[in-house]
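Chain by chain, the residues:
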Amino acid sequence: MNPLTNPTASGVDNVLIYIFGSSLLLLAGITIVMIWFVIRYRRSKNPEPTSDVEGNLWLEITWTVLPTLIVLTMFWYGWVNYLGLRDVPEGAFEVRATGRMWSWQFEYENGRTSSKLYVPAGKPIKVILNSTDVLHSFFMPAFRIKRDTVPGIETYVWFQAPEVGSYDIFCTEYCGTGHADMITSAEILSPEEFTAWYSEKTTAQTVPRGRQLLEEQGCLGCHSFDGSSSIAPTFGKLKGVKREISTEGQKKEITIDTDYLRRAIRTPEVDLVEGFPPIMPAYGDEISESDLDEIINYLLEGDTGPVLDGNKLLEENGCFGCHSTDGSALVGPSFKGLKDRTTEVKRDGTELQLKVDADYLRRAIRQPNKEIVEDYPAIMPAANHLSDEEIDAIIKTLLKGADQQ
Amino acid sequence: MTESGHYIVRFRTFVIIWVLLGTLTALTVVASRIDLGAGNIWVALGIAATKSALVIFFFMNLRQESRLFKIGLLVLLSIVAIFIGLTFFDVLYR
Amino acid sequence: MSHEHRDDTGARFGMWIFLYTEVILFSGLFILYAVSLSKFPEQYSIASHKLNIYFGGANTLVLLTSSLTMAMAITAIQRGRKKQTLILCCSTIGLALLFLVNKFFEWSAEIGHGIYPGSEELAAMGPGVTNFFNLYYFTAGLHGIHVIIGATLIGVVTVLVSKGRVNSEQYTLLENSALYWHLVDLVWIFLFPLYYLIL
Amino acid sequence: MSETPSRYGGFFTESPRSGILGWVTSTDHKRIGLLYLGCIVTMFIVGAVLGLALRLQLFEPGTGIMEAQTYNATFTVHGVIMIFLFIIPSIPAAFGNLLLPIQIGARDVSFPRVNLLSWYCYIAGAILAVTAIFSGGGPPDTGWTFYVPFSTQTTTNVNLAVSAAFMLGFSSILTGINFVTTIHRLRCKGMGWGKLPLFVWTLYATAWIQVLATPMIGITLALIFVERIFGAGLFDVAKGGDPILFQHLFWIYSHPAVYIMILPGMGVISEIIPVFARKPLFGYWAMALSSLAIAFAGSLVWAHHMYASGMSDMAIMIFSFLTFIVAIPSAIKIFNWVSTLYKGSIQLAPPMLYALSFIFLFAIGGLGGLALGAAAADIHLHDTTFVVGHFHYTMFGGTGFAFFAALHYWLPKFFARMYNHKIATLAWALIFVGFNVTYMAMQAVGIQGMPRRYYDYLPQFGPLNMVATIGSWILAVGLIIMFVNLWRGIRYGTPVGKNPWGGATLEWEVPSPPPMENFGAEDPVVTRGPYDFKGVIADEP
Ligand code: HEA
Ligand code: HEA
Ligand code: CUA
Ligand SMILES: [Cu+2]
């Protein structure tokens, strides 16, 4: 490969070529001489040996000194190129990779996380490695780089991708049942694609559809959520809020409800809120009925904070490393059909039959080794790093039925 | 005299060694109460090495054994030193 | 069998080689110790102060003395003094027991203070201290096992001496168990300053 | 073996006790050697069948005959059996015991009872290992390397497995002590250091490694055991420990252990090549001293297994340098063996075939080791199937072939019967071809980046894996033919005299099978060198 574009691979390849090449020569030499001797001096032609030399000092010295020189060059070349794997060029883009049983998580400087490694082409990338449980190893054969992830100790690798593409990432330090499945990939994007990906909103926290629509439709150009109401009334949790309005010049007080909001959006000129100019455009057919429902729902309930995407959480926290969604048993029981399952668990040595419900799931995730599902090993790590909200979201998804991308 | 030419060591020799060992023990305790910085550990090890030499050469009678035994001990000590020393090339430079 | 080939030097040499293996066994723990000491010098010194130097010192003297009695036992048997040999061997075993009793009280006291592997109080003292005590318990425990083995060995030889099977003509067994016992002493000679006396 | 002892005579019949008891309480080095040999061959077959199962699983991508967990347990047990129960004791404990005393003109080893004890430790270790497979939380799944923290967390039966390895280490230590003492103390008259057969020299070097390195695995395994039971956290960073330190302790033993495996094999080759070339071994002293050099330098290079572990770069430089230094004495040996053939009178009998293929296969394995020793190259190759190929080439192609060579060379001595040479040659050819197909393919797929210890792999690694699996079948057929032929040979083969090959070392001067105590009433006196073939005539078949 062109050294300018894949520097780590070309350094290692040079060493491999040098050592394998000279080894091949040596091997061929030794084998040919050996076979030649065996044929030339076979007993049928040479019933007695024609020499009884017991040694030769000069020969011994020769074949001590020559191999020494050869291996010293091998050592030196290997070492120098190894240094190339360690010296990260200035200005490398940094990503943190965490290995855990049995999946990878990548975290970027802006807080974004992903289960595949997304990086731009043509730029040196430094991957800082860590582990939450046992040893793993980060191996990208295409770039000839490899380093163990050690719990409690930080290590790193670096590489630079020549062009857009997708490359395998393996775990090469044996780490238990799922070791061979601890595979992901590096998605090398063009710089533009990467910038776009990088600045997308962080993954697990999605903005509710209603809020998204408010932004898309430009509502927030006039309305605010922070209580300021210079142009238009502020949004917030509007359910049950009283309003002074005038309908065809007649003033009255109403309580905000769905019907009112529907009218206020579809035909704003009908009901005008006191103290504001009648400038809101009518959203007749621009908004579909279902979108309108989303918006109304959102306006009534207010900003309840970001909604968590349970599926994303499951993926990012490595749950799919051990649990499938298609009913096949991996290391742990499958998530398929979890909601109407009765599991048999062992608690403190006694066997119980439990109906799967939110409480059970919460226990199964928070303290997985208290109740062990029959026929499964007690190896599930406790998800202590997840907040209550995240657990709630996961449970909701599990009860609805998770789907794996 | 035993088969391999050993002479019998007198009780007195052993008692003298024992007194020396006791003194060295006291010495190492005293030395540890003086602050020598990193020197402390080396002083402690030095005294311990002296004590072991006394035990090995007198109590264990290495003095009277053939050269083979002594070379063996030397090999052992160098191997131990290598094991510890080479490990430090990793630990110190990490 | 017919050719009872006797080679006392060979037997002693074999014993010495066996002792080499014991030294390597402990050297594994000394590697761990040396690495941790260089990583946590302050914490090691703090932790070391929690060990009771009187117990340690006393045990050092006990072991040194037992080594003395064992060395003297060989002189005694060489001179053919069976009774003296028996007395010296028994004193060695007595001192070994004293060492163990001492150790028992020392450990009880420490465990009473909540210092034992895996305890929460230990965890609260930080990684360096935890590591010190983990290593201390493991190393001293392994040494304790060696004390027990050594004492048992000497016990067996004592019986053989009293039966006359080990005598002034044939006493390699006594010599070899003495060698083993001295090794137990040697290990302690290093354990004592390394664990009790770090400033 | 005990059924019809009268068939053979010699030490088979002269025993104070008869029957099984005469064997398991015997302190005779030849009987202990044969006990070892029986157990070791059994363990090899068990381990090899597991190896075949591994290859079957890898025949094509996807879940084949095993689930992930089964595969993990299988390669762990395969590795543990092959390393601790087969290859480490293979040549030293079996052939060392059978031959060492005879070759130096002694009647037995220095401590015959310790020798028997060592065999019992081996048996205890074997029983523990087998129990570990069938009890507790299931067979261990840590790999033979037992790396922490995984080995302290897994629920499988690691406790018993490490106890087994501990026991086997103890057995190995006792053998080592015995051999060092024996070689120093019991050489017969005239047997100076310059007259020792090379096999004895290599056993001597090996015995020192066994003594000085094995305790380190003892303490390491003991630490795992304690860690699993008390959970002290000696290798846990949060508790002041260091997981990488575990790897140091492990490899301080386990690297020298690879020289415990190969050195005696080299000794066997150094015995066989001169005999079948009827020429003195070229460079006797270079061969003897290079054995010691390998043993010593081999103790300095352990961390070359840890280039990717997060170790310091400084250490990588030092250990890479030292690794290349160990290659030099091995190279010296290769060149001397080849030179021994020069102007000889070469007979391609079965032992010689194995010996010559040893040179070829060990050279491939060793040269692959050079690629692994170079820091940059190892970063790519580490923990791929290239490493698996490398160590099968050195262990199986090296020591394994030396073991087969020794079987073909010395079994006629101890059973006084000869196997069929034609069938032996056929078996050799199948093994040689199958071996190369299997492990060349494995090395090649490793260079492409296939990680080891994978029960399932990406489709791009498919074709070479299939080739490797097919190679393993050829290998299996060859091995079965070889074992059957040897078995038939020692039972029903044509009787042979005391020196069928025309060897000049002492074992060929005593009757076949050798009597108890080896040398009648008179102690032997040696006047000539071990490879001085003048006047030595092979028995007519
Ligand atoms: C019998 C066993 C045996 C032997 C003899 C060797 C011999 C050598 N080994 Fe190997 N090795 C193993 C068994 C063995 N090895 C095992 C079991 C593992 C893996 C363990 C695990 O992870 O599970 C391993 C792994 C291993 C690694 C770690 C790989 C990794 O995990 O990343 C390395 C790295 O340096 C290495 C190097 C070497 C070298 C340099 C030699 C040298 O001694 C080789 C010397 C021989 C030669 C050089 C060839 C002969 C000479 C010539 C043909 C003449 C010409 C030569 C020159 C001019 C130099 N070995
Ligand atoms: C001396 C040591 C030795 C030997 C001889 C072998 C022999 C074989 N090994 Fe093994 N192997 C190891 C030592 C050895 N191995 C070690 C240490 C590991 C590492 C484990 C780890 O990662 O922890 C390993 C790992 C290992 C792996 C890698 C697992 C992985 O990382 O995913 C594989 C995969 O193919 C493999 C395959 C084989 C095969 C096919 C054989 C074949 O050569 C076997 C050939 C034999 C047969 C096919 C059977 C023949 C049948 C008979 C002899 C029966 C005869 C019966 C009668 C006469 C009644 N071995
Ligand atoms: Cu993670 Cu292997
Ligand atoms: Cu190695």
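All of these numbers come straight from a predicted model, not from anything done at the bench.

Undergrad: Explanation requested: the site of ligand 1 in the structure shown.
TA: Every one of the 34 residues lining ligand 1 counts as a neighbour, but Trp 144, Tyr 259, Asp 378, His 382 and His 390 of chain D are closest to it. At the site occupied by ligand 1, nearby residues are drawn from chains A and D. At 3.2 Å from an oxygen atom of ligand 1 is found a side-chain nitrogen or oxygen belonging to His 304 of chain D. Between His 382 of chain D and ligand 1, the recorded distance is 2.7 Å, taken from a side-chain N or O atom to an oxygen atom. Elements represented by at least two residues in the shell around ligand 1 include exactly helix H1 (7-40) and helix H2 (57-86) of chain A together with helix H8 (243-277), helix H10 (313-341), helix H11 (350-373) and helix H13 (385-415) of chain D. A per-element tally of the shell around ligand 1 places H11 of chain D first, with eight residues. Residue composition of the shell around ligand 1, by class: 22 nonpolar, ten polar and two charged.

Undergrad: Help me understand the site of ligand 2 in this model?
TA: Residues and elements named next belong to chain D. Of all residues adjacent to ligand 2, which total 32 residues, the nearest are Tyr 71, His 78, His 392, Phe 396 and Arg 453. One of the side-chain nitrogen or oxygen atoms of Tyr 71 is found 2.5 Å away from an oxygen atom of ligand 2. The separation between an oxygen atom of ligand 2 and a polar side-chain atom of Tyr 439 is 2.9 Å. Counting only elements with at least two residues in the shell around ligand 2, the list comes to helix H2 (29-57), helix H3 (68-103), H13, helix H14 (421-447) and helix H15 (462-492). Examining the composition of the shell around ligand 2, we find that eight residues originate from one element, H3, more than from any other. Residue composition of the shell around ligand 2, grouped by class: 24 nonpolar, five polar and three charged.

Undergrad: Please clarify how the confidence of the model for chain A should be interpreted in this entry.
TA: Interpretation of this model should avoid reading the predicted coordinates in detail wherever pLDDT is low. In the predicted model, chain A carries a mean pLDDT of 84, and 94% of its residues have values of at least 70. Across chain A, element-level confidence peaks in strand S6 (residues 136-140) of chain A with a mean pLDDT of 95 and bottoms out in strand S11 (residues 205-206) of chain A with 58.

Undergrad: Sorry, what's going on with the coordination of the iron atom of ligand 1 here?
TA: Six octahedral donors at a metal ideally form angles of 90 or 180 degrees, and four tetrahedral donors ideally form angles of 109.5 degrees. Residues and elements named next belong to chain D. What the protein offers the iron atom of ligand 1 as a donor is a single atom, His 390 (NE2), at 2.2 Å. The distance between the iron atom of ligand 1 and the copper ion (ligand 4) comes to 4.5 Å. Mapped onto the secondary structure, His 390 falls in helix H13.

Undergrad: How should the packing of aromatic side chains be read in this particular structure?
TA: With the rule as written, the count across this model stands at 92 aromatic pairs over all chains. Consider the rings of Tyr 18 of chain A and Tyr 77 of chain A, whose centres lie 5.8 Å apart with planes at 90 degrees: the pair is edge-to-face. Placement of Tyr 18 of chain A in helix H1 and of Tyr 77 of chain A in helix H2 is noted, with a sequence separation of 59 residues between them. On the numbers, 6.4 Å between centres and 85 degrees between planes, the contact of Phe 404 of chain D with Phe 483 of chain D is edge-to-face. Residue Phe 404 of chain D is located in helix H13, and its partner Phe 483 of chain D is located in helix H15; the two are separated by 79 residues in the primary sequence.

Undergrad: Whenever I open this one, the side chain of His 179 of chain A confuses me. Can you help?
TA: If you trace the backbone, His 179 of chain A turns up in the loop between strand S9 (165-171) and strand S10 (184-189). A polar contact of 3.3 Å, which involves the side chain of His 179 of chain A, links it to the backbone oxygen of Glu 173 of chain A. If sequence neighbours within four positions are ignored, His 179 of chain A has contacts with Trp 102, Cys 171, Thr 172, Glu 173 and Tyr 174 of chain A together with Arg 452, Arg 453 and Tyr 454 of chain D.

Undergrad: What is the right way to read the sheet that holds strand S8 (residues 155-160) of chain A from this model?
TA: Residue and element names in this part refer to chain A. As summarised here, the arrangement of the five strands in space is S3-S2-S1-S5-S8, forming an open sheet in which the pairing is mixed. Looking at which strands have only one partner, the edges of the open sheet turn out to be strand S3 (113-114) and S8. The pairing of strand S5 (residues 124-131) with S8 spans six bridges and is antiparallel. Bridge pairing links Lys 126 to Trp 158 in S8.

Undergrad: Help me understand the coordination of the iron atom of ligand 2, please; the structure alone is not making it clear to me.
TA: All names here are of chain D. Coordination of the iron atom of ligand 2 by the protein is provided by His 78 (NE2) and His 392 (NE2), with metal-donor distances spanning 2.0 Å. Taken together, the six donor atoms coordinating the iron atom of ligand 2 span angles of 82 to 179 degrees at the metal, a pattern that classifies the geometry as octahedral. You can see His 78 sitting in helix H3 and its partner His 392 sitting in helix H13, a full 314 residues away along the chain. No difference in accessibility class separates His 78 from His 392, as the two residues are buried.

Undergrad: I tried to follow the nonpolar core on my own but got confused; where do I start?
TA: Nonpolar side chains in soluble globular proteins generally cluster together in the buried interior. With 377 residues, the main nonpolar core has Leu 117 and Phe 138 of chain A together with Phe 95 of chain D as its most contacted residues. In terms of residue count, the dominant contributor to this core is H8 of chain D (22 residues). For this core, the two domains that each supply at least three residues are domain 1 (3-86) and domain 2 (93-198) of chain A. In contact with Leu 117 of chain A, other than residues within four places in its own chain, are Val 95, Phe 106, Tyr 108, Val 127, Phe 138, Phe 159, Ile 169, Ser 185, Ala 186 and Glu 187 of chain A.

Undergrad: Please clarify how the packing of helix H5 (residues 258-266) of chain A against helix H6 (residues 289-301) of chain A should be interpreted in this entry.
TA: All names here are of chain A. It is at 10 Å that the axes of H5 and H6 come closest, and there the two elements cross at 120 degrees. When the axis of H5 is compared with that of H6, the two are oblique. Note on packing geometry: the crossing formed by H5 with H6 is right-handed. The residues of H6 that touch H5, namely those facing Thr 258, Leu 261, Arg 262, Ile 265 and Arg 266, are Glu 289, Leu 292, Asp 293, Ile 295, Ile 296, Leu 299 and Leu 300. Considering only residue class, the contact of H5 with H6 consists of seven nonpolar, one polar and four charged.

Undergrad: Is there a simple way to explain the interface of chain B and chain C in this structure?
TA: Where the parts come together, the accessible area they lose is often given as the size of the interface. Across the contact, 46 residues belong to chain B and 45 residues belong to chain C. Summing both partners gives a buried area of about 4100 Å² for chain B against chain C, and 78% of it is carried by carbon and sulfur. Looking at the side of chain B facing chain C, the largest losses of area belong to Phe 11, Met 60 and Phe 69 of chain B, adding up to 17% of the total buried there. Inspection of the region where chain B meets chain C yields one salt bridge. The partner of Arg 12 of chain C in a salt bridge is Glu 65 of chain B, and the shortest N-O contact between them spans 2.6 Å. At the boundary of chain B and chain C, one finds four residue pairs in polar contact (both at pLDDT 80 or more). Secondary structure elements with two or more residues in the side of chain B that touches chain C: helix H1 (11-33), helix H2 (39-59) and helix H3 (67-91) of chain B. Of all the elements, H3 of chain B adds the most residues to the side of chain B that touches chain C, at twelve residues.

The rules behind each value
- Residues numbered from 1 in each chain as written.
- Chains lettered and ligands numbered in written order.
- Predicted model: local features only at pLDDT ≥ 70, side-chain atom pairs only at ≥ 80, totals over all residues.
- Heavy atoms only, no water.
- Near = heavy atom within 4 Å.
- Polar contact = N/O pair within 3.5 Å; in protein donor to acceptor, adjacent residues only side chain to side chain.
- Helix = DSSP H or I, 4+ residues; strand = E, 2+ residues; numbered from the N terminus.
- Nonpolar A, V, L, I, M, F, W, Y, C, P; charged D, E, K, R; others polar.
- pLDDT = per-residue confidence, 0-100.
- Donors = N, O, S within 2.8 Å, 3.2 Å for Na, K, Ca; no water.
- Phe/Tyr/Trp six-rings, centres within 6.5 Å; stacked < 30°, edge-to-face > 60°.
- Contact = heavy atoms within 4.5 Å.
- Pairing = 2+ DSSP bridges.
- Tetrahedral: all angles 85-135°; square planar, octahedral: opposite > 155°, others 65-115°.
- Buried < 20%, exposed > 50% of the residue type's maximum accessible area, 1.4 Å probe, protein only.
- Core = buried A, V, L, I, M, F, W, Y, C linked by side-chain atoms within 4.5 Å.
- Domains from an automatic or database assignment.
- Axes fitted to C-alpha atoms, helices over the stretch in contact; angles between N-to-C directions.
- Parallel < 35°, antiparallel > 145°, perpendicular 65-115°, else oblique.
- Left-handed = near helix turned anticlockwise from the far one by under 90°.
- Buried area = accessible area lost by both parts, 1.4 Å probe.
- Salt bridge = Lys/Arg side-chain N within 4 Å of Asp/Glu carboxyl O.

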